[in-house]
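Coordinate inspection notes
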Amino acid sequence: MIVILLGPPGSGKGTQAKRLEEKYHLKQLSTGEILRAEVAASSEIGKKAKSIMDAGQFVPDDILINIIDSKVQKGNAGYILDGFPRTLNQAEALDHMLHVKNMAVDVVINMVVDENILIERITGRFSCVHCGAVYHEKFKLPLKKGICDICHHKEFTKRKDDSLDVIQERLKIYHHQTSPILPYYQKKNLVKDVDAMEKVENVTNKIDHIIKNCFKTDNSEGFYMVN
Ligand code: ADP
Ligand code: AMP
């Protein structure tokens, strides 16, 4: 099964992907996380991507398409794509690569959030330096102040591209380059809109419901729900 989480920065794609990964045998592929790891490792890809990401621009399509192509394999239970595709070209390339692997996109979850809420979410986002767990200054603080819930480390960081000026650039690019993906998938009847302005748990429940319905109609082998 291939689930795409489509939505602007700050709509909660990463938060929901992690929660769904825990519940289903689906692997999260977050292109933002993959690229940040390349930057941290100073790899060739990381060196090319760093300044582009810091400015809130898109990393070239061919780099992203190669990354996803190398990670998606038939036989795995399935994937939650978080942050890919982000351009029409990436969406078409994804269809092509999946077709070659005898796979296909099952559902596109369109995470709908008002722009003022996105800005509040992104400016308040911070994460654990050690394990990358994502928190929010107002909406999701660690259970014990200053200690990561997951790995218990005490160091946190804010993303450089979460500053207000870069966010505005990222939202502009989202509207110009990523929004056109929606009609592409709507024509294929794959899009399910989700009001992602509700509490995290409520959004998870809605996505859960959609994925369960996909499982009911999907005949492929090799995956199942945990509970
Ligand atoms: P994305 O991956 O789409 O950029 P994130 O999952 O990183 O978004 O969420 C952005 C910020 O908003 C994070 O700080 C996260 O804790 C917070 N957040 C995510 N979903 C919700 C929600 N439903 N309500 C309030 N805050 C949320
Ligand atoms: P994200 O963590 O999804 O907010 O992504 C962080 C940054 O990584 C983006 O602002 C882009 O610079 C880059 N990036 C992530 N995914 C893609 C993609 N599919 N296409 C182009 N650039 C991407």
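Residues numbered from 1 in each chain as written. Chains lettered and ligands numbered in written order. Predicted model: local features only at pLDDT ≥ 70, side-chain atom pairs only at ≥ 80, totals over all residues. Heavy atoms only, no water.

The next point concerns the sheet that holds strand 6 (residues 134-136). Pairing is antiparallel in the open sheet, where 3 strands are placed in the order 6-5-7. Among the strands making up the open sheet, the edge pair consists of strand 6 and strand 7 (156-157). Where strand 5 (residues 125-128) and strand 7 come together, 2 bridges link them in antiparallel fashion. Within the sheet, the bridge partner assigned to serine 127 lies in strand 7 and is threonine 157. (Pairing = 2+ DSSP bridges. Helix = DSSP H or I, 4+ residues; strand = E, 2+ residues; numbered from the N terminus.)

Moving on, we come to the site of ligand 1. Lining the immediate environment of ligand 1, one finds 18 residues, of which Gly10, Thr15, Arg125, Tyr135 and Glu198 sit closest. Arginine 125 is positioned such that a nitrogen or oxygen atom in its side chain is 2.7 Å from an oxygen atom of ligand 1. Contacts to ligand 1 include valine 200, whose backbone N or O atom sits 3.5 Å from a nitrogen atom. Taken by itself ligand 1 offers 560 Å² of open surface, and the protein chains cover 92% of this. Those elements that provide at least two residues to the shell around ligand 1 are helix 1 (13-23) and strand 6. The residue makeup of the shell around ligand 1, split by class, is 7 nonpolar, 6 polar and 5 charged. (Near = heavy atom within 4 Å. Polar contact = N/O pair within 3.5 Å; in protein donor to acceptor, adjacent residues only side chain to side chain. Areas by Shrake-Rupley, 256 points an atom, 1.4 Å probe, with all protein chains shown as cover. Nonpolar A, V, L, I, M, F, W, Y, C, P; charged D, E, K, R; others polar.)

Moving on, we come to the site of ligand 2. Among the 16 residues in the neighbourhood of ligand 2, the closest are listed as Thr31, Arg36, Gln57, Gly83 and Arg86. Between valine 59 and ligand 2, the recorded distance is 3.1 Å, taken from a backbone N or O atom to a nitrogen atom. Alone, ligand 2 offers 480 Å² of accessible surface; in the complex the protein occludes 97% of this. Of all the elements, helix 2 (residues 31-40) adds the most residues to the shell around ligand 2, at 4 residues.

One pass over the full model with this rule turns up 4 aromatic pairs. When the centroid spacing of 5.7 Å and the interplanar angle of 25 degrees are considered together, the rings of phenylalanine 126 and tyrosine 135 count as stacked. Given the relative accessible area of 12%, phenylalanine 126 is considered buried. Pairing phenylalanine 126 with phenylalanine 156 gives two aromatic rings, centres 5.5 Å apart and planes at 80 degrees, and the pair type is edge-to-face. In this pair, phenylalanine 126 is assigned in strand 5 and phenylalanine 156 in strand 7, connecting sequence segments 30 residues apart. (Phe/Tyr/Trp six-rings, centres within 6.5 Å; stacked < 30°, edge-to-face > 60°. Buried < 20%, exposed > 50% of the residue type's maximum accessible area, 1.4 Å probe, protein only.)

What follows covers the state of the cysteines. On inspection of all chains with the given rule, the structure shows 0 disulfides. Free of any disulfide, cysteine 151 has its nearest cysteine sulfur in cysteine 128, 3.5 Å distant. (Disulfide = S-S within 2.5 Å.)

With respect to the element layout, threonine 87 can be found in the loop between strand 3 (79-82) and helix 5 (88-100). If we skip the residues at most four places from it in the chain, threonine 87 touches Phe58, Asp61, Gln177 and Ile181. (Contact = heavy atoms within 4.5 Å.)

Moving on to the environment of glycine 75. Tracing the sequence through the fold places glycine 75 in the loop between helix 4 (61-71) and strand 3. Separated by 28 residues in the primary sequence, glycine 75 and methionine 103 have C-alpha atoms spaced 10.0 Å apart.

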